[in-house]
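# A structural walkthrough
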Amino acid sequence: MPELPEVEAARRAVELHCKGLICRASVADDTTVIEGMAPFDMQRRLVAKRIVAAHRKGKQLWLELDEPPSICFQFGMAGAVYVKGVKSTKYVRSAVKDEDEWPSKYSKVHLVLDTGVEMSFTDKRRFARVRLLQDPRLSPPISELGPDAYTELPDETTFADSVAKKKTAIKAVLLDQVFIAGIGNWIADEVLYQSRIHPEQPASTLTAIDCERLRGAIKEVVMTAVDVDADLERFPRDWLFHHRWGKKPGSVNGEFPKSFNIAHMAGS
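Residues numbered from 1 in each chain as written. Predicted model: local features only at pLDDT ≥ 70, side-chain atom pairs only at ≥ 80, totals over all residues. Heavy atoms only, no water.

If you look the protein chain up in an unreviewed UniProt entry, it shows as Formamidopyrimidine-DNA glycosylase catalytic domain-containing protein from Selaginella moellendorffii. What the UniProt record of the protein chain gives under Sequence similarities (unreviewed entry) is the line "Belongs to the FPG family." Regarding the protein chain, the UniProt comment filed under Catalytic activity (unreviewed entry) reads as follows: "Hydrolysis of DNA containing ring-opened 7-methylguanine residues, releasing 2,6-diamino-4-hydroxy-5-(N-methyl)formamidopyrimidine." (UniProt positions renumbered as here; feature names shortened; annotations may be inferred.)

Have a look at this one:
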């Protein structure tokens, strides 16, 4: 599913292209995805509002309007943001083909701005959620998230202390959005591979050096993925990521990836 880098790429695209007055809004008649109010009511409350900023925490994105509420997008397994005419990062299982109709038949929210820009939030699998929230940071599910893995990564001591309190498998800990927000399956697998920690090792048994390596890998992987706008073709070729999918298993050499900054392991 889309993880922190994919959602951050969407946030940046909206921030860059989609500030302006909403002239027209189309909200799908899908009460599974559109949560908390009737789709028509959401549509009515968006028209004539101005998008002033785009924000993200973990895997949650919200558009700040010139007056509350904000429109919030929980990407689920296949949520994606598209801006018409703008090249976008396409998560493999979310991607809508360029030649498809606009807006896509999978569009859940389609906005037309006074600038002529159009954006669409799509969801092929209907696990996404769209909500209007008065103050997203103070409202579930965003208020329930832990520190953001990109902007709020805890310092080494705080991180190690938090890990030491967890008795469950370390991969499960990393996937817990209350522990740290934004990490999903592919990031968890990547950072565990790069820090040479078994996914099923109980978190409380990790040493201080293990935690230092793990935190360093989280920082390295997330920053690298964000820096390339989550474009998988630009991920380092020796990342485990490239071997996780496909009919034929890939191979990794068992050595530390060249892209991994060993300095993190020395505490720098």
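### Focus: the pattern of salt bridges
Enumeration according to the criterion identifies 17 salt bridges in this entry. A salt bridge links Glu 8 to Arg 11; the shortest N-O distance between them is 3.1 Å. With a gap of 3 residues between them, Glu 8 and Arg 11 both fall in helix 1 (residues 4-17), about one helical turn apart. Measuring nitrogen to oxygen at the nearest pair gives 2.9 Å for the salt bridge that ties Arg 126 to Asp 30. Separated by 96 residues along the polypeptide, Arg 126 in the loop between strand 7 (118-123) and strand 8 (129-133) and Asp 30 in the loop between strand 1 (20-27) and helix 2 (39-46) bring together distant segments of the chain. (Salt bridge = Lys/Arg side-chain N within 4 Å of Asp/Glu carboxyl O. Helix = DSSP H or I, 4+ residues; strand = E, 2+ residues; numbered from the N terminus.)

### Focus: the packing of helix 3 (residues 156-164) against helix 6 (residues 208-227)
Close contact between helix 3 and helix 6 brings their axes to 10 Å; oriented N to C, the two are set at 115 degrees. The pairing of helix 3 with helix 6 is recorded here as roughly perpendicular in orientation. Here the hand of the crossing between helix 3 and helix 6 comes out right-handed. Residues Glu 156, Phe 159, Ala 160 and Val 163 of helix 3 form the contact with helix 6, whose participating residues are Cys 211, Glu 212, Leu 214, Arg 215 and Ile 218. Of the residues in the contact of helix 3 with helix 6, the class split is 6 nonpolar, no polar and 3 charged. (Axes fitted to C-alpha atoms, helices over the stretch in contact; angles between N-to-C directions. Parallel < 35°, antiparallel > 145°, perpendicular 65-115°, else oblique. Left-handed = near helix turned anticlockwise from the far one by under 90°. Contact = heavy atoms within 4.5 Å. Nonpolar A, V, L, I, M, F, W, Y, C, P; charged D, E, K, R; others polar.)

### Concerning the sheet that holds strand 7
If you walk across this open sheet you meet the 8 strands as 5-7-6-1-2-3-4-8, and the pairing is antiparallel. Whereas interior strands pair on both sides, the edge strands pair on one side only; in this sheet they are strand 5 (79-83) and strand 8. When strand polarity is set aside, the average angle formed by the axes of neighbouring strands in this sheet is 25 degrees. Inspection of the sheet shows strand 1 paired to strand 2 (residues 50-57) by 2 bridges, in the antiparallel sense. Bridging across to strand 2, Leu 21 finds its partner in Arg 50. (Pairing = 2+ DSSP bridges.)

### A short note on the packing of aromatic side chains
Tallied over the entire structure, the rule returns 8 aromatic pairs. Judged by centre distance (5.4 Å) and plane angle (75 degrees), the rings of Phe 75 and Phe 121 are edge-to-face. Taken together, the residues Phe 75 in the loop between strand 4 (70-74) and strand 5 and Phe 121 in strand 7 connect sequence positions 46 residues apart. Judged by its relative accessible area of 3%, Phe 75 is buried. On the basis of an interplanar angle of 40 degrees and a centroid distance of 6.2 Å, the ring pair of Trp 186 and Trp 239 is categorised as tilted. Residue Trp 186 is located in helix 5 (residues 185-195), and its partner Trp 239 is located in the segment after helix 6; the two are separated by 53 residues in the primary sequence. Residue classification places Trp 186 among the buried residues on the basis of a relative accessible area of 1%. What makes Trp 239 buried here is its relative accessible area of 1%. Taken together, Trp 186, Phe 235, Trp 239 and Phe 241 form an aromatic cluster joined through their ring pairs. Across the ring face of Tyr 193, the terminal group of Arg 196 is positioned such that the distance to the ring centre comes to 4.3 Å. (Phe/Tyr/Trp six-rings, centres within 6.5 Å; stacked < 30°, edge-to-face > 60°. Buried < 20%, exposed > 50% of the residue type's maximum accessible area, 1.4 Å probe, protein only. Lys NZ or Arg CZ within 6 Å of the ring centre and 35° of its normal.)

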